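# Inside the fold
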Amino acid sequence: MPIINDTIFFDEKAHGEALEKALKLTPQEVVMEIRESGLRGRGGAGFPTGTKWMLALSAKADKKFVVCNADEGEPGTFKDRVLLSEYTKLVLEGMVIGGYAIQAQKGFIYLRGEYAYLFDHLNTYLERMRREKRLGNNILGTNYSFDIEIRLGSGAYVCGEETALIESLEGHRGEARNRPPFPVNTGYLGYPTIVNNVETFACAYIVMSKGAQWFSKYGTEKSKGMKLISVSGDVKKPGVYEVPFGITIKELLELVGAEEPKAVQIGGASGICIPMSEVNRNISFEDIPTGGSVIVFNKERSMLKVLRNFMEFFVEESCGQCTPCRVGNKKLLEGVELLEEGRCSHRYLNELIELGKTMQIASKCGLGQSSPNPFISIVTNFKDEIMSNSIRGNNGK
Amino acid sequence: MIYPDKNVIVSEVEHLVEKYGFGRENLLPILQEVQRKFGFISDFAMQEIAHRLDIHPVEVYGVVTFYSFLSTEPKGKYVIRLCKTISCDIAGKDAIARTLERELGLKFGETSADRKFSLEFCHCIGMCDQGPAMLINDQVFTKLTPSKVIEIIENIK
Ligand SMILES: Cc1cc2nc3c(=O)[nH]c(=O)nc-3n(C[C@H](O)[C@H](O)[C@H](O)COP(=O)(O)O)c2cc1C
Ligand code: SF4
Ligand code: FES
C-alpha cells in the first residue's frame, strides 16, 4: 500500500538547499546523484534524467543549453502551471543545477503562450535570483556562470515535442525533426541541449537537497519518487495531487472523490481510456505511464463525444508534415462521425483500429504515434456503447 | 488605427530587431510583439521583418501561419479564446459559448467590425480543474457561468 499522505513538493520545509549542495560537487557527481535516484522524465516519455544529463555532459562543444519544457499542452494537464507559479524556486534552481551538471551557459524556459500571464512572475523571480547571486555570473561565489531567458510559445501543441520545441526556439515552424540525432548532441543551434519537463527540474532539485537514497524510497522498482497528477472531470475535488508511483487508479479515484465513474482517461488526449474493470492497474512506467493528466467521466457521459473531442484536437494540432498523422487522424475522426450516425460496421471499425496501429508505428513524432491511443482504447473498452447508435444517431450528441 | 502606417511598422520593426538581435532565433519574439501591438502581422510587416533579418518573406509567412496565436488578418483589441477541450466541455462550455456569441453579436472565428473583439475557440489552457475557462488576451478567467461572462464583457465594453 503506497503512502499517500506524504508529500515532497507541497511541504516547503522539505525543500532544503539543493543549489548550495550541488555546486560543492563536481558536475559528474551531480549527474551520478541524479542517476542513482532513478529519476525519470516527468513529461510523459520517462527517459532516465541522469542518462540524458550524462550524455550532454560528455558531449564536447563550446556551448551547451538547458531547456525547461513549460509548453504543458496535453489536455487535462496543469501541474506545471502550479509548479511554475507556486514552487518557482524548485523549477528555476533545478534548471541551474541541470546547467551546472552538463556545464551549460544558458537556459531557456519555453513557456506556452497560454501561460503568458506567468511571464512577469517568472521574470521577477529570475531578477531576484540574479540579485541573490543564484543566477548570472559566478553563482554563489563559484566560477560557474549561467543565465535563463524566457521564451513564449504561440499556441501550437506540437511545440511541446522536444525537437519541434527547438525548431520553434530557432525561429522556425514547430515541425518535429527526425531523431537521431538527439538534442543531447545536436540541439539548439546545433549545440548539445537537454530538454526536460518543469516537474523533472523540480524533482532534480529535491534529489540534490534530500539525496538519491531518500528520493528512491518512494515509488516502484522502475518508477522512483512521487508524481504530480492533474485531476479534472467528474470528481468532487479536482486539482493537483502528489502521489507515489504505483498508486492504483482505484486509490486515486477515492482520493479525488470520483462521482459514479465509468471511464478514466490517463495521459490526456494522447493517453488511454480505461473502464472500471481495470482500476486495479497503477500509475507507473511499468503499467500506465503518464505525464500526469487524469480525466474522470461519469456514467452519464457519452464516450463517443469524448472521443470526438480528442480526435478534433489531433486533426487541428497535427503539424501535417507526415502522411500517417495528417491523413490518419482525419480518417479516425470520420470514423467517429460514422459511429455517431450508426453507419460504421464492425468490420470497418477493425480497419480503423489497424490504421491506428499503423499510425503508431509510421508517424514521425510522438503526436501521431500516440494520437490513435484514445481511439483504440475507447472503441475497444466501450464497444457496446459506441456501437449502439441507430442509423439516425441518438447518443453521442 | 485600423491599418497601421507603414512608417510606424518600419520603426517598430527596427526597434524590435535592435532589442532582440539579428539572428533568426529572434523571429518569434519579434513576431509576437508585432502581433501584440498591431493585432496582426500585415504583409508589409512580414516583408520588413524578413528584410531586417535577412531571410525570405516566405519563411516569415510560413512561421506566422503555423502558430495559432499569430495572424495575417486583423484581430480585435480583445481576443477571447474559450477552451473547447473535454474537461471544460463537460463543465458546461456550450452555455458559455452561446452567451459569448449572443452578448458580442459574433460567431466563433469572427472579429467585430469595430475591431474591438475577436471570438475564438482554443484547446486546453491548463485550467481544467476550474472550467469552463477562457483567455481574454493574456488574462485567464475560470469557473465561468453565463452571468459571470456577461459581467466580464460589460466591464470591457
Ligand atoms: C506532441 C507532444 C507534445 C509534448 N508536450 C510536452 C509538454 O508540453 N511538456 C513536456 O515536458 N513534454 C512534452 N512532450 C515530451 C517531450 O518531447 C520530451 O520528451 C520531454 O520534454 C522530455 O523531458 P522529460 O524527460 O523531463 O520528461 C511532448 C511530446 C509530444 C510528442
Ligand atoms: S506525427 Fe503529426 S505532428 Fe508529428 S511530424 Fe508527423 S504530422 Fe507532424
Ligand atoms: S480542458 Fe479547458 S482548460 Fe483544460
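Conventions and cut-offs
Residues numbered from 1 in each chain as written. Chains lettered and ligands numbered in written order. Predicted model: local features only at pLDDT ≥ 70, side-chain atom pairs only at ≥ 80, totals over all residues. Heavy atoms only, no water. Domains from an automatic or database assignment. Buried area = accessible area lost by both parts, 1.4 Å probe. Salt bridge = Lys/Arg side-chain N within 4 Å of Asp/Glu carboxyl O. Polar contact = N/O pair within 3.5 Å; in protein donor to acceptor, adjacent residues only side chain to side chain. Helix = DSSP H or I, 4+ residues; strand = E, 2+ residues; numbered from the N terminus. Nonpolar A, V, L, I, M, F, W, Y, C, P; charged D, E, K, R; others polar. Pairing = 2+ DSSP bridges. Axes fitted to C-alpha atoms, helices over the stretch in contact; angles between N-to-C directions. Contact = heavy atoms within 4.5 Å. Near = heavy atom within 4 Å.

Attention shifts here to the domain arrangement of chain A. All names here are of chain A. By domain assignment, chain A separates into domain 1 (12-212), domain 2 (226-298) and domain 3 (303-392). For domain 1 and domain 2, the distance between their C-alpha centroids amounts to 27 Å. Counting the surface lost from both domain 1 and domain 2, the interface buries some 1200 Å², and carbon and sulfur atoms represent 60% of this. Three residues stand out in domain 1 for area buried against domain 2, namely Arg42, Phe78 and Lys79, and they jointly supply 36% of the buried area on that side. Connecting domain 1 to domain 2 are 1 salt bridge. Close ionic contact of Glu199 with Lys227 constitutes a salt bridge, the shortest N to O distance being 2.6 Å. Linking domain 1 to domain 2 there are 9 residue pairs in polar contact (both at pLDDT 80 or more). Top contributing element to the side of domain 1 that touches domain 2 by residue count: helix 4 (residues 79-86), with 3 residues. When its residues are assigned to classes, the side of domain 1 that touches domain 2 shows 6 nonpolar, 6 polar and 5 charged.

Another point: the sheet that holds strand 2 (residues 117-122) of chain B. Consider a sheet: its strands pair through backbone hydrogen bonds, and that pairing is either parallel or antiparallel. Residue and element names in this part refer to chain B. Read across the sheet, 4 strands follow the order 2-1-3-4 without closing on themselves; strand pairing throughout is mixed. Across the chains shown, the open sheet's two edge strands, defined by having one partner strand only, are strand 2 and strand 4 (139-141). Sheet twist, expressed as the average angle between the axes of neighbouring strands with direction ignored, equals 20°. Bridge count for strand 3 (residues 134-136) against strand 4 is 3 bridges, and the pairing is antiparallel. Bridged to Leu135 within strand 4 is Val140. Here helix 6 (residues 93-104) sits on the sheet in contact with strand 1 (78-83), strand 2 and strand 3, set at roughly 155° to strand 1.

For the rest of this paragraph, the subject is the site of ligand 2. Taken together, Val158, Ser318, Cys319, Gly320, Gln321, Cys322, Cys325, Ser363, Lys364, Cys365, Leu367 and Gly368 of chain A are the residues near ligand 2. Its residues assigned to classes, the shell around ligand 2 comprises 6 nonpolar, 5 polar and 1 charged.

Listed per partner, the contact involves 35 residues of chain B and 48 residues of chain A. Where chain B meets chain A, there are 3 salt bridges. We note a salt bridge from Lys305 of chain A to Asp89 of chain B, for which the minimum N-O separation is 3.4 Å. The tally of links between chain B and chain A comes to 23 residue pairs in polar contact (both at pLDDT 80 or more). Listed by contribution, the elements that provide at least two residues to the side of chain B that touches chain A are helix 2 (27-38), helix 4 (57-66) and helix 5 (86-90) of chain B. In terms of residue class, the side of chain B that touches chain A is made up of 16 nonpolar, 10 polar and 9 charged.

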